[in-house]
Amino acid sequence: MILDSKIPDGPLAEKWSKHKFNLKLVNPANKRKYTVIVVGTGLAGAAAAASLAELGYNVKAFCFQDSPRRAHSIAAQGGINAAKNYRNDGDSVYRLFYDTIKGGDYRAREANVHRLAEVSVNIIDQCVAQGVPFAREYGGLLDNRSFGGAQVSRTFYARGQTGQQLLLGAYSALNRQIYEGKVKMYNRHEMLDLVKIDGEARGIVTRNLITGEIETHAGHAVLLCTGGYGNVFYLSTNAMGSNTTAIWRAHKKGALFGNPCFTQIHPTCIPVTGDHQSKLTLMSESLRNDGRVWVPKSREVAARIRKGELKASDVKEEDRDYFLERKYPSFGNLVPRDVASRNAKEAVDDERGVGGSGKAVYLDFADAIKRLGKAAVEAKYGNLFDMYYQITDEDPYTQPMRIYPAVHYTMGGLWVDYNLMTTIPGCYALGEANFSDHGANRLGASALMQGLADGYFVIPYTLGDYLATIGPKPIDDKHPAFAEAKKAVEDNVKKLLSLKGTKTVDEYHRELGNIMWEYCGMARSAEGLTKAKGLIAELKEDFWKNARVMGINEELNMSLEKAGRVADFIELGALMVEDALQRAESCGGHFRVESQTEEGEALRNDDEFAYVAAWEYTGDNQPENLHKENLVYENVKLTQRSYK
């Protein structure tokens, strides 16, 4: 298989504009003859569905929540990047492009990232026009704040509710098209398979989560906008319903999976408190603008804090180690997420962690409150401080927050070309569901940027090129391929419901998460990954023997829902471990203990690993084939990342 990324020729800054002109168009009268299926209604999905319907296409939109408003995009807190340079501090499209390439540790495509930086400036205008209440300065201009991995202020925000406000903007645009009759919305439907006819995507199979009915839906193209797969680790900042099923089933139908082991560990999460937890809570990275990260310099002081003999306020200034400021003076507490996370783990591994478990570091706002006043800090972060207080019963205005890294985002996903099409013609992946823009580590506030860029400003152009090529020939679900796919889904449902063992699905999910975190998390080794392969194989075999799935199909059955998702997570986990094992380098948030500098920093191997790993499914319990898309850098120089 030859991977054709379809990157346009010409200078980097002109590629997207020239490409748009060269794409085929569908005239307005013909658009109404096409039906497009959009799976997922977060920022990428809602933006795509609304935009395509506005253009005149007929859209079928699906989400497993009871409302598109519950998509996990709503949970994003800190902001969205855009190269507006409102602060006149040296920002530009090229600087955003460069920061994103560098932040991803040179493992993303130049052309895709530059396009993302280009359209970022349009996203803000679009959202303001929709009424998104971005924070404003005293004079009424949009405010910015800084985020990790950048030395300029380019992050637009709405207090700590940016994702919610952006999603409401996209949701309002989507609702308008539902009212106009151009979008048919299917809530509480989960995609369980992709339907192909003559090798091209022509529909999906879904399960109605209320009635259990297995349904088929036909379309001229399928857009997968279903988010990431961080819940493969069980404990993550993702909503509990977030899963991999849609893209994994597409992968098993022929869509290559790009860089599956590339997952992001977020440095500012509320630490784990026990085995009772089913998810973790994110605290926005924006807090690192004013909060200072530290641990005690000595193990003895840290031990006394863990025992409750000392409070953070009892530790003298000279006995504190502000380790990010000490090690990275140019960026300080605003180093990228992978650097902040790895250094927090090193402090804890050195027995200088705080909190009851010892797996936490401090994020301290005392200096900011002294410098700015409590009212100013509250205006910036009040809802975040309140959320922390509600969860921990600790007041961050009077004592430091306790934070620790946790799984947050996945940079891997379905491999797509420049047009966002997977290796299955007619099947596209947008937002976090694809691999394309973040390399080995996503900079903060870039997820919202990518989701809206793909939905509002990329897919409306690139999809038309494909539809104009295939023509508006009617498609319905009477084709034998739909019956075949539906039968396969029904058989899989029956197989899951036949499991009457002794262990719950949640137990298997937790076991998988422990394996993934221990051996395929922040630090990895060939020995640990090899062990993980065997453990996951044993777990998969045991799942299909001893799992217990309750109830029947013809009802609301969350046990059945979870079982299908966990079965997919187990298979994906095996591929993630295989991908991590073959990538014998440290890059971004993926630290191979065998590959580090003398100072303990991540050491890339560009001669051997400057490529996208794209995996091809070959059958159940069969090893997947690895294909490589070599990454060519013509506009940036590959260098060892430094934030010092």
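Residues numbered from 1 in each chain as written. Predicted model: local features only at pLDDT ≥ 70, side-chain atom pairs only at ≥ 80, totals over all residues. Heavy atoms only, no water.

Here we look at a nonpolar patch on the surface
This is how the line gets drawn: To count toward a patch, a residue needs a relative accessible area above 30% and no salt bridge. Like charges then connect within 9 Å, nonpolar side chains (Val, Leu, Ile, Met, Phe, Trp, Tyr) within 5 Å. Accessibility throughout is a Shrake-Rupley quantity obtained with a 1.4 Å probe, and a residue counts as covered only by protein chains that appear here. Throughout this description, the term salt bridge denotes a Lys or Arg side-chain nitrogen within 4 Å of a carboxyl oxygen of Asp or Glu. What counts as a helix is a DSSP run of H or I of at least four residues, what counts as a strand is a run of E of at least two, and both are numbered from the N terminus. A 1.4 Å probe rolled over the protein chains alone gives each residue an accessible area, and that area as a share of the maximum for its type sets the label: buried under 20%, exposed over 50%, partly exposed in between.
Side chains of Ile210, Leu556 and Met558 sit close together on the surface and give an oily, nonpolar patch of about 300 Å² of accessible area. With respect to the element layout, methionine 558 can be found in helix H17 (residues 558–582). Judged by its relative accessible area of 53%, methionine 558 falls in the exposed class.

Notes on the packing of helix H3 (residues 43–55) against helix H6 (residues 162–180)
Heads up, the rule is: Axis definition: a line fitted to C-alpha atoms, over the contacting stretch in the case of helices. Angles run 0 to 180 degrees between N-to-C directions. Put simply, a crossing is left-handed when the front helix is turned counterclockwise from the back one by less than a right angle, and right-handed when it is turned clockwise. It only takes one pair of heavy atoms within 4.5 Å for two residues to be counted as in contact. Following the grouping adopted for this structure description, the nonpolar residues are Ala, Val, Leu, Ile, Met, Phe, Trp, Tyr, Cys and Pro, the charged ones are Asp, Glu, Lys and Arg, and the polar ones are all others, Gly among them.
Packing of H3 against H6 brings their axes to within 8 Å, and their N-to-C directions diverge by 35 degrees. The way H3 lies across H6 gives a crossing that is left-handed. Judged by residue contacts, Leu43, Ala46, Ala47, Ala49, Ala50, Ala53 and Glu54 of H3 engage Leu166, Leu167, Ala170, Ala173, Leu174, Arg176 and Gln177 from H6. Broken down by class, the residue content of the contact of H3 with H6 amounts to eleven nonpolar, one polar and two charged.

Comments concerning the nonpolar core
Quick reminder of the rule: Nine residue types can take part in a nonpolar core, namely buried Ala, Val, Leu, Ile, Met, Phe, Trp, Tyr and Cys, and a core is a set of them joined through side-chain atoms within 4.5 Å.
The biggest cluster of nonpolar side chains holds 150 residues, and the ones touching the most others in it are Ile80, Leu223, Tyr428 and Phe543. Among all residues touching phenylalanine 543, those that are not within four sequence positions of it are Leu496, Leu499, Val505, Tyr508, Ala563, Val566, Ala567 and Ile570. Within the second largest apolar cluster, 30 residues are counted, among which are Ile270, Val293, Val377 and Leu384.

Quick notes on helix H12 (residues 374–392)
Applicable threshold: A helix is expected to span 1.5 Å for every residue after the first.
Over its 19 residues, H12 runs only 20 Å from end to end, short of the ideal 27 Å by more than 12%, given 1.5 Å per residue. Among all positions in H12, only Val377, Tyr381, Gly382, Asn383, Leu384, Phe385, Tyr388 and Thr392 are buried. Against strand E4 (145–146), helix H11 (366–372) and strand E16 (401–410) lie the buried residues of H12. Of the residues flanking the end of H12, it is aspartate 393, one or two places downstream, whose phi is positive at about 60 degrees.

Notes on the sheet that holds strand E5 (residues 153–156)
The criterion, for reference: In this description, strands pair whenever DSSP reports at least two bridges between them.
Reading across the sheet, the three strands line up as E3-E5-E4 and stay open at both edges, with antiparallel pairing between neighbours. Strands with a single pairing partner mark the edges of an open sheet, and in this sheet they are strand E3 (80–81) and E4. Here two bridges tie E3 to E5, and the two strands are oriented antiparallel to one another. Looking across to E5, one finds that asparagine 81 is bridged to threonine 155.

Some remarks on the domain arrangement of the chain
What counts here: What fixes the domain bounds is an automatic or database domain assignment. A simple way to read buried area is as the amount of 1.4 Å-probe accessible surface that goes missing from two parts once joined, with both sides added.
In terms of domains, the chain is made up of domain 1 (268–407) and domain 2 (492–605). Taking only C-alpha atoms into account, the centre of domain 1 sits 29 Å from that of domain 2. Buried area between domain 1 and domain 2, both sides added, is near 770 Å², and the carbon and sulfur share of it is 58%. Considering only the surface of domain 1 that becomes buried against domain 2, Asp338, Arg342 and Lys345 emerge as the three largest contributors, covering 53% of it.

Remarks on the sheet that holds strand E24 (residues 625–630)
The strands that make up a sheet are held in pairs by hydrogen bonds between backbone atoms, and each pair lies either parallel or antiparallel. Spatially, the four strands line up as an open sheet ordered E17-E11-E23-E24, and their pairing is antiparallel. Only two strands of the sheet have a single neighbouring strand rather than two, namely strand E17 (413–414) and E24. Pairing of strand E11 (residues 257–258) with E17, which is carried by two bridges, proceeds in the antiparallel orientation. Bridge pairing in E17 places glycine 258 opposite glycine 413. Docked against the sheet, H17 engages E11, strand E23 (611–616) and E24, running at close to 140 degrees with respect to E23.

A look at helix H5 (residues 110–130)
The condition that has to hold: Here the bend at a residue means the angle between the axes of two seven-residue stretches, the one that ends at it and the one that starts at it.
Taking 1.5 Å per residue as the helical rise, H5 with its 21 residues ought to reach 30 Å, and the 30 Å between its terminal C-alpha atoms agrees with that figure. The largest bend in H5 is about 35 degrees, located at serine 120. The positive-phi residue at the C-terminal boundary of H5 is glycine 131, with phi of around 95 degrees.

Brief notes about unusual backbone geometry
Negative phi characterises most residues that are not glycine, and trans characterises most peptide bonds. The backbone of asparagine 85 shows a phi angle near 55 degrees, a positive value even though the residue is not glycine. Structurally, asparagine 85 is set in the loop between E3 and helix H4 (93–103). Look at asparagine 85 and you get partly exposed, because its relative accessible area is 26%. Notably, asparagine 88 is not glycine yet its phi reads approximately 55 degrees, a positive angle.

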